[in-house]
Number of protein chains: 2
Amino acid sequence: MSERMLAVGEAPRTAGEVRGVVPPARAGVHDERAGGAAGDSGADGQEAAVLLDRTREAVEPELRRAVDSLPGTMRRVVTYHFGWEHADGRPAAGRSGKAIRPGLVLAAARALGGSPTAVVKAAAAVELVHNFTLLHDDVIDRDSTRRHRPTAWTVFGDADAILAGDALQALALRVLADDQHPAAGAAAARLAACVVELCEGQHVDTALEERPCDQVTLDECLGVAEAKTGALLGCACAVGALYAGAGQDEVEAMDAFGRQAGLAFQLIDDVIGIWGDPARTGKPVGADLLAGKKSLPVVAALTSDTAAGAELAELYPGLGPADVGRAADAIDRAGGRDWAQAQAAERMSQAVGQLSRAVPDPDLAGGLLALAEFVTRRSS
Amino acid sequence: MSERMLAVGEAPRTAGEVRGVVPPARAGVHDERAGGAAGDSGADGQEAAVLLDRTREAVEPELRRAVDSLPGTMRRVVTYHFGWEHADGRPAAGRSGKAIRPGLVLAAARALGGSPTAVVKAAAAVELVHNFTLLHDDVIDRDSTRRHRPTAWTVFGDADAILAGDALQALALRVLADDQHPAAGAAAARLAACVVELCEGQHVDTALEERPCDQVTLDECLGVAEAKTGALLGCACAVGALYAGAGQDEVEAMDAFGRQAGLAFQLIDDVIGIWGDPARTGKPVGADLLAGKKSLPVVAALTSDTAAGAELAELYPGLGPADVGRAADAIDRAGGRDWAQAQAAERMSQAVGQLSRAVPDPDLAGGLLALAEFVTRRSS
């Protein structure tokens, strides 16, 4: 997965920095901010930041307890991956991640009248699944950096990274199996089905990356983004809804909300991968382009049937560092950037529509909306 | 995992062929054969063969249904791995395996008064977990042959073999999560904990194989055999017991029965890996020795403090084909073969003790005992 991490304590990225992706959402669903525990500061991402801080406070002890139950080496690889320890076992100050997915679980439960404390184990399970897929995807993609550190496979080898990922998937399901909440079984079934979708998504992604550029369609790439990113965000929301005792329709609407928000996130993440500030993304300038990645703006440009698209096709893949600026410009002129941003806005609009189906009261929906806006605004 | 497969329809291996491992078991636990559905033919493995045939009949439809629910490529890799299809998708006549683990689930449930039909999903889940670990272990160990066919990673590549394994683990837990039986949650927790043990076992195994021979102890190797082989056989029996509504003591005794039988199996499997008939094992003569594998008889010989052990240490690892006979002979003279067989008998005796704790009535215990004897006799 191509998630980029921002350094801890960094100033929030504003919507304007990612050129004009301000979903026409908040006004419709959330005319009046309710204030409440999270404070009245949604517009600049502060509400989401507070929600995520509280999520980490609530969920991290459960995560650590689960990981501590792993035997020797499995525990060591996982604590390294989470940034809790250095490779030699010394404690590290790193954070395990921004906790977007557990944040969605808690916020979804709360929005539907559930107890956030009752859903902590489920939120931890979703985060464990997310991290299991990161461990394996890094092995498969040969990615060497994650959260500004060397990936687990580069430190411990492929075998242990694969095994630690396997153990983490099992741990996720064990945390749910140990949970006495009546929704735990349905959540486990949903999470397991989501893992299958994530696996197929990663397979298709790998297969697309191996195909020549002119044999890849935009629909295929959107399908990958939905399977690899949307599916688990949707599952997180659905799990929260299940724990709140929501009905089937609400659960499905919550899943669709998370899926569409996840797609919007991936579109923006891909835009930032090309035009973002390396100091914020943690990746060198043009890394995605140099790697020949078939990101969404690239494929939009290549399939645009424009002169700029044809110019890009001459260059891509196989760019040298000197070509990065020219390629980014060609993608822009071919409409790849505008398309991605318009798509992201459209997906956010759909997400908001689904959210208002599941949670008609805008005050209750506020936390989820803040999180969705946060992820699509911050490339996180 | 180092399981060797016998060709379908092959004559059962008799105890005498594997020099003297006839556990002093049956007489104690099962003085009088009950006959019953499975027939009165335990002594030559026929009772077990019948039980396994019936298990396959009952469980394979559930397995196929689960696998058919996988999306495109995940399904294709898994159906190939199970031997149901060729790599190009044409149907294949292969069997998915001997179904030892689901056989144990069904037999354990039956022995404790449970309904074998109620436990079919759980038996399928255990078999799915087993196959997920095979897919990943083959990638990690770079094993190129499984069930007389090229392993999945050699056909589909590492990435798809890893992803298909991931999907299979998820599928196992989903099958249990979808099961309405009241024991399904406890079974899922137990199976997930077992996966963690399998992962750590595979890690330690890989680590031991990389260490110099003189830095490996027999206890470490026995620990690996318990984690990699004993744990899932034990879990299969425990899951059957849980579905029968057994109490905690019975469940643990059933787990211990399966574990000890699994250890006995691995000991005999290692003996056969050195002295077995290649036509039966499906591996070339001396394959384990040529690969420098730290199998139990080898490590017993190397740590025997005998002249023959020292002779083996001169040769091992790094044998050429011409040295295989001499190495096997040195292991034998150093007592490695006798030790492994005595250990196997001792483990079977412990297994039988645990079984009689869980199931005091020898008539009811008969099926489980027949399966345990079958696996330790047939290297399967």
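Residues numbered from 1 in each chain as written. Chains lettered and ligands numbered in written order. Predicted model: local features only at pLDDT ≥ 70, side-chain atom pairs only at ≥ 80, totals over all residues. Heavy atoms only, no water.

- In the annotation of an unreviewed UniProt entry, chain A is listed under the name Family 2 encapsulin nanocompartment cargo protein polyprenyl transferase and assigned to Streptomyces luteolus.
- UniProt lists a comment for chain A under the heading Sequence similarities (unreviewed entry), and it reads "Belongs to the FPP/GGPP synthase family." (UniProt positions renumbered as here; feature names shortened; annotations may be inferred.)

## Considerations on the packing of aromatic side chains
All names here are of chain B.
Part 1 of the argument: All chains considered together, the criterion is met by four aromatic pairs over all chains.
Part 2 of the argument: Ring plane angle 75° and centroid distance 5.5 Å describe the contact between tyrosine 80 and phenylalanine 156, whose orientation is recorded as edge-to-face. Here tyrosine 80 is found in helix α3 (residues 72–81), whereas its partner phenylalanine 156 is found in helix α6 (residues 152–156), with 76 residues between them in sequence. Here tyrosine 80 and phenylalanine 156 have matching classes, each one buried.
Part 3 of the argument: Taking NZ or CZ as reference, arginine 149 lies 4.1 Å from the ring centre of tyrosine 80, over its face. (Phe/Tyr/Trp six-rings, centres within 6.5 Å; stacked < 30°, edge-to-face > 60°. Helix = DSSP H or I, 4+ residues; strand = E, 2+ residues; numbered from the N terminus. Buried < 20%, exposed > 50% of the residue type's maximum accessible area, 1.4 Å probe, protein only. Lys NZ or Arg CZ within 6 Å of the ring centre and 35° of its normal.)

## Description of the relation of the copies chain B and chain A
Part 1 of the argument: The transform that puts chain B on chain A rotates by 180° and translates by 0.0 Å along the axis, for an RMSD of 0.0 Å. On this basis, the relationship between the two copies can be described by a two-fold rotation axis.
Part 2 of the argument: The fraction of interface residues of chain B whose copies in chain A are also interface residues reaches 100%, indicating that both copies meet through the same surface. (Least-squares fit on C-alpha atoms with pLDDT ≥ 70 in both. Contact = heavy atoms within 4.5 Å.)

## Quick notes on the pattern of salt bridges
Part 1 of the argument: Scanning the entire structure with this criterion turns up 46 salt bridges over all chains.
Part 2 of the argument: Close ionic contact of Arg259(B) with Asp255(B) constitutes a salt bridge, the shortest N to O distance being 2.9 Å. Taken together, the residues Arg259(B) and Asp255(B), both in helix α10 (residues 248–275) and four residues apart, mark about one turn of the helix. Each of the two residues, Arg259(B) as well as Asp255(B), counts as buried.
Part 3 of the argument: Salt bridges here are not isolated pairs; linked through shared partners, they connect Arg190(A), Glu197(A), Glu226(A), Glu252(A), Asp255(A) and Arg259(A). (Salt bridge = Lys/Arg side-chain N within 4 Å of Asp/Glu carboxyl O.)

## Remarks on the interface of chain B and chain A
Accessible area lost when the parts come together is the quantity often used to give the size of an interface.
Part 1 of the argument: Across the boundary between the two partners, chain B contributes 32 residues, which contact 32 residues of chain A.
Part 2 of the argument: When chain B packs against chain A, close to 2,700 Å² is buried across both sides, 73% of that on carbon and sulfur atoms.
Part 3 of the argument: Applying the counting rule to chain B against chain A returns zero salt bridges.
Part 4 of the argument: Taken together, the links from chain B to chain A amount to 14 residue pairs in polar contact (both at pLDDT 80 or more).
Part 5 of the argument: Of all the elements in the fold, those that place two or more residues in the side of chain B that touches chain A are α3, α5 (120–141), α7 (158–178) and α8 (184–210) of chain B.
Part 6 of the argument: Looking at which element gives the most residues to the side of chain B that touches chain A, the answer is α7(B), with 12 residues. (Buried area = accessible area lost by both parts, 1.4 Å probe. Polar contact = N/O pair within 3.5 Å; in protein donor to acceptor, adjacent residues only side chain to side chain.)

## Here's the deal with unusual backbone geometry
Part 1 of the argument: Geometrically, the link from Tyr316(A) to Pro317(A) is a cis peptide bond, its omega value of -10° lying close to zero.
Part 2 of the argument: Here Pro317(A) is to be found in the loop between α14 (307–315) and α15 (324–333).
Part 3 of the argument: The phi torsion at Arg142(B) lies on the positive side, around 55°, for a residue other than glycine.
Part 4 of the argument: For His148(B), which is not a glycine, the phi torsion comes out positive at approximately 65°.
Part 5 of the argument: The partly exposed category is assigned to His148(B), whose relative accessible area is 46%.

## Notes on the nonpolar core
Part 1 of the argument: Membership of the largest hydrophobic core comes to 224 residues, with the highest contact counts inside it found for Leu128(A), Met254(A), Leu368(A), Leu128(B), Met254(B) and Leu368(B).
Part 2 of the argument: Aside from chain neighbours lying at most four places away, what touches Met254(B) is Ala108(B), Leu112(B), Gly234(B), Cys237(B), Ala238(B), Ala241(B), Leu355(B), Ala358(B), Val359(B) and Leu368(B). (Core = buried A, V, L, I, M, F, W, Y, C linked by side-chain atoms within 4.5 Å.)

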